[in-house]
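Residue strings, one per chain:
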Amino acid sequence: MEVKRSSNVKTAVSVIIPFVLLAIMIGYVFGPGSELIGYGVVLPEISIEKVEFVDSEIIATVRNTGQISVNIVMADINDRIYPAAIEPDKHLERFESAIVRIPFEWNEGEPYAVGLTVDDGTRFEKQVDVAVPSIQPTVEMISYFAVIGTYVGIIPVLIGLLWFPFISKLSRSKYKFFLALTIGLLLFLGISTAEEAIEISANNLSDVFNGVLLVATVAVVSFLALNYVGEKLRKRAGASKLAGPVAIALMIAIGIGLHNFGEGLAIGAAIVLGEAALGAFLIVGFALHNTTEGFAIAAPMARTKLMIGKLAAMGMIAGVPAIFGAWVGGFSYSPLAAVIFLAIGTGAIFQVIVSIMRWIQNEEGKLSNSSVLAGIAVGMIIMYITSILI
Amino acid sequence: MAIVIAIVSFGFVGYLVFPDVYITAQEQPEVFVTHTGAVVQTTGDVLDPVYTIQEVEFDPEKYLRDFDYGKVSQLEDGTILREYTIIAEDDKIMEVAPGIFYNVWTFNGQVPGPTIRATEGDLVKIYFTNNGSKEHTIHFHGNHPAEMDGIFEIVGSGGGQFTYEFIAGPAGVHPYHCHVMPVEEHIGHGLYGVFIVDPKEGRQQADEMVMMLNGFDTDFDGENNLYAANTIPFYYHHHPIQVNTNELIRVYVVNMVGLDPINNFHLHGTLYKYYPTGTDMIPSEFTDMTTFSQSERGILEFEYQDTGRYMFHAHLTEFSEKGWSGVFYAKDSSQLNMEGYAYGS
């Protein structure tokens, strides 16, 4: 016992020693009185992450994305200085954010540039293409977004599920083809979700967040986490013929749900940003597109007996997040939150792809047969064609 | 360990995504007034270049009517000698607008430098010391010998000296400024001032004031961020210049705004007689709008019959809404005189 305890202490000490040495070095290099890293000039940097237009006021959300704390001291609209207020206060530590309220009689449909100047005189600007009244979460707007989310997410997915009887009557090789088709669909969705996450981070997030690496990190972590959960789920279900397909379908539904959350975000944000035409296109496009998602959920369960309740539940899991997405995108759009959600979606979708592939391999022996390869290719082509409609 | 890291990172991400939750509001709400007069309340800080009384290091109120006539003495031949001391520095950080700190380069510690005033024919001697870290000179507009021009006679940093000596003339209003290259940089940082030469016969008694039109490119992007008459944006908008009705007002206007090719001056409520460069005693125009190119200047003469607040500003609205605007507050002259209040030099 004694011996074991002392070896534990030794292990702990050996873990801690490098940290202590590192702390001493950092303290020496950066600490008070150190002149080693006194060169160069650190410039302040702020990012205007969001601009909202409300009654007689323009509201900008600003974040300190530089390496030093700053004071926001002046606000302007179109390079004209205006009295304004900043809440909670004008001093921003690193990563801290604040709301700047600029009383201004803005005109709907016109472009505006919002500028903020920090204490060293540097001005930062955010261009807004179209001014539209910011949407308030009234009952009316909440139900409006819910209806749109239903049209985009739930109904098309449920329609897609109606292919279930068709798939269940297919021959073994044709069935394999359609299962592979699902992989193609998901592969496309995964790539497009990642693309969207990277695009939002490039347009709306400061460089300090390392957009692409943020997406990659979150996607990989979510992939690994879902993989772990999926594995547990399968083990618990045992080797039962029934549980396997259901578990896979469930994971597909969850992955697609996260993806649809992103679609809802995109639609909500487009409407909020005043891009009504884009919003309408997104609604039609996503609706067509999402019918294929219903198919993806139905495919793995096609060899089991029809379980309408489970199927419908999965349709809801996949579709309902579109409503939440539309709410979040419409009412409290935060580019950082959007990027994180979309990156989680990316990881989830790729995890589902791996699960289906593993499943095909277990069931059918090998992956590289012609109907599987053709299925993946056709799946991607279908998605590409429907995506052009957006 | 892993749990701690997870909690910390989730907390951090949460802070980034939903900062509102972490924001605690100030107790006492503050109030400010918009350009159009609406009163707005906030729980945070007010960002207001106009309506809050600011502690400005440079006082435009004082500069407006502050004339440096120099140390006066008479030579044997009867010529008046005026001696001035000007020291250049380039390390001062000044609050050029509320909360905005900018490295100004100064003559006698201020931007613009002191208003040098002499009478036509006076001998002017300017003892110049350069206490800056860069080379500087003073280049006066007006008549002087070539070697007094402040172009080739570079004055070294860290205490270099030079004495500018010339006969003041012609009568009018002129700028002076550093002429070391890049001149745009030396002027942009503030090395300039006004040089007034009074005609021998003098001008009519008036309430006289100086307006140096200037601007600052505080982020060095090639565009001015702030404009003003006498350095501090919106200052006279918030602190109106007090004048008397039925009293002649004379404004010496000099435009030293760099980067922008032109600037202008517009007066409300009346028109003024305009004397370009002030070199002729007959006005060239009776107007309420004058355009100034860089270093262009002139004298404006006008008076108000009625009391009230009259705006003056750049009619280039971009400049006026970035600080170059102000207000004359005309008061009943008889009332003011009873209080024993008098203007003029």
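Reading the values: the criteria
- Residues numbered from 1 in each chain as written.
- Chains lettered and ligands numbered in written order.
- Predicted model: local features only at pLDDT ≥ 70, side-chain atom pairs only at ≥ 80, totals over all residues.
- Helix = DSSP H or I, 4+ residues; strand = E, 2+ residues; numbered from the N terminus.
- Buried ≥ 20, exposed ≤ 12 C-beta atoms within 10 Å, placed from the backbone.
- Contact = placed C-beta atoms within 7 Å.
- Domains from an automatic or database assignment.
- Pairing = 2+ DSSP bridges.
- Axes fitted to C-alpha atoms, helices over the stretch in contact; angles between N-to-C directions.
- Expected span 1.5 Å × (residues − 1).
- Bend = angle between axes of the 7 residues up to and from the residue.
- Nonpolar A, V, L, I, M, F, W, Y, C, P; charged D, E, K, R; others polar.
- Core = buried A, V, L, I, M, F, W, Y, C linked by C-beta atoms within 7 Å.
- Parallel < 35°, antiparallel > 145°, perpendicular 65-115°, else oblique.
- Left-handed = near helix turned anticlockwise from the far one by under 90°.

What about the overall build of chain B?
Along chain B, the regular secondary structure elements total seven helices and 24 strands. Of all 345 residues assigned to chain B, the portion counted as buried reaches 42%. A sequence separation of at least 24 residues applies to 69% of the contacts in chain B between residues at least 6 apart.

Some words on the environment of B:Gly258
Among the secondary structure elements, B:Gly258 is positioned in the loop between strand E17 (249-255) and strand E18 (262-267). A C-alpha to C-alpha distance of 9.0 Å links B:Gly258 and B:Glu185, two positions 73 residues apart in sequence.

Digging into the domain arrangement of chain A
It is common to give the size of an interface as the accessible area lost on bringing the parts into contact. Residue and element names in this part refer to chain A. Each domain of chain A was delimited in the assignment, giving domain 1 (1-39), domain 2 (46-128) and domain 3 (139-388). Using C-alpha coordinates to define each centre, domain 2 is positioned 37 Å away from domain 3. The partner domain 3 presents five residues to the four residues of domain 2 that form the contact.

Quick look at the sheet that holds strand E2 (residues 57-64) of chain A
With antiparallel pairing, the five strands of this open sheet are ordered in space as E1(A)-E2(A)-E7(A)-E5(A)-E3(B). The outermost strands of the open sheet, each flanked by one partner alone, are strand E1 (46-54) of chain A together with strand E3 (45-47) of chain B. Going from strand to strand, the sheet's axes swing by 25 degrees on average, the running direction of each strand aside. In this structure, E1(A) lies alongside E2(A), joined through eight bridges in antiparallel fashion. Of the residues in E2(A), the one forming a bridge with A:Val54 is A:Glu57.

Notes on helix H2 (residues 139-161) of chain A
Residue and element names in this part refer to chain A. For H2, spanning 23 residues, the distance from its first C-alpha to its last is 31 Å, which sits close to the expected 33 Å at 1.5 Å a residue. In the structure, H2 departs most strongly from a straight axis at threonine 150, where the bend amounts to approximately 40 degrees. Turning to H2, its buried residues number three or more, namely Phe145, Ile148, Gly149, Val152, Gly153, Ile154, Pro156, Val157, Leu158, Gly160 and Leu161.

A short note on the interface of chain B and chain A
Between chain B and chain A, the contact holds 36 residues from the first and 30 residues from the second. Where the side of chain B that touches chain A is concerned, the elements lending two or more residues are helix H1 (2-17), strand E1 (30-33), strand E2 (39-42), E3 and strand E7 (100-107) of chain B. Of the residues belonging to the side of chain B that touches chain A, the class tally is 19 nonpolar, eleven polar and six charged. Direction of pairing for strand E5 (residues 84-87) of chain A relative to E3(B): antiparallel, over a ladder of three bridges. In the sheet register, A:Ala84 faces E3(B), and the bridge partner there is B:Leu47.

Looking at the nonpolar core
Within the largest apolar cluster, 104 residues are counted, with the highest numbers of intra-cluster contacts made by A:Ile72, A:Val100, B:Leu213 and B:Tyr252. Sequence-distant contacts of B:Tyr252, that is, excluding residues within four places in its chain, are made with B:Val173, B:Val194, B:Ile196, B:Val210 and B:Ile299. By size, the runner-up hydrophobic cluster in this structure holds 83 residues, among which are A:Tyr175, A:Ala219, A:Leu342 and A:Met383.

Some remarks on the sheet that holds strand E23 (residues 308-313) of chain B
All names here are of chain B. Taking strand neighbours across the sheet as the criterion, the five strands line up as E16-E24-E23-E18-E21 in an open arrangement whose pairing is mixed. Unpaired on one side and paired on the other, strand E16 (241-244) and strand E21 (289-293) mark the two borders of the sheet. For this sheet, the mean inter-axis angle between neighbouring strands, taken without regard to orientation, is 25 degrees. With two bridges connecting them, E18 and E23 associate as antiparallel partners. Within E23, the residue paired with histidine 266 across the bridge is histidine 313.

Examining the environment of A:Gly268
Residue and element names in this part refer to chain A. Mapped onto the elements, glycine 268 comes out in helix H6 (residues 243-272). Overall, glycine 268 belongs to the buried group, with 29 C-beta atoms counted inside 10 Å. Sequence separation between glycine 268 and tyrosine 151 is 117 residues; the distance between their C-alpha atoms is 13 Å. Other than its neighbours up to four places away in sequence, glycine 268 contacts Phe145, Gly325, Ala326, Trp327, Val328, Gly329 and Gly330.

Here we look at unusual backbone geometry
Trans is the prevailing form of peptide bonds, just as negative phi is the prevailing case for residues other than glycine. Here the bond from A:Glu87 into A:Pro88 is cis, since omega is 5 degrees, no more than 30 degrees from zero. With respect to the helices and strands, A:Pro88 occurs in the loop between E5 and strand E6 (91-92). Cis peptide bonds are those with omega within 30 degrees of zero, and the linkage from B:Met181 to B:Pro182 qualifies with -5 degrees. Mapped onto the fold, B:Pro182 is located in the loop between strand E12 (172-177) and helix H4 (183-188). Positioned with a positive phi, A:Phe95 is a non-glycine residue whose angle comes to about 70 degrees. Note that A:Phe95 resides in the loop between E6 and strand E7 (97-103). Of note in this structure, B:Thr277 is not a glycine but carries a positive phi near 60 degrees.

Details of the packing of helix H4 (residues 172-204) of chain A against helix H11 (residues 370-388) of chain A
Residue and element names in this part refer to chain A. Relative orientation of the contacting elements H4 and H11 amounts to 45 degrees, with a least axis distance of 6 Å. Overall, the two elements H4 and H11 adopt an arrangement that is oblique. Between H4 and H11 the crossing geometry is right-handed. In the contact of H4 with H11, the residues fall into 19 nonpolar, eight polar and one charged.

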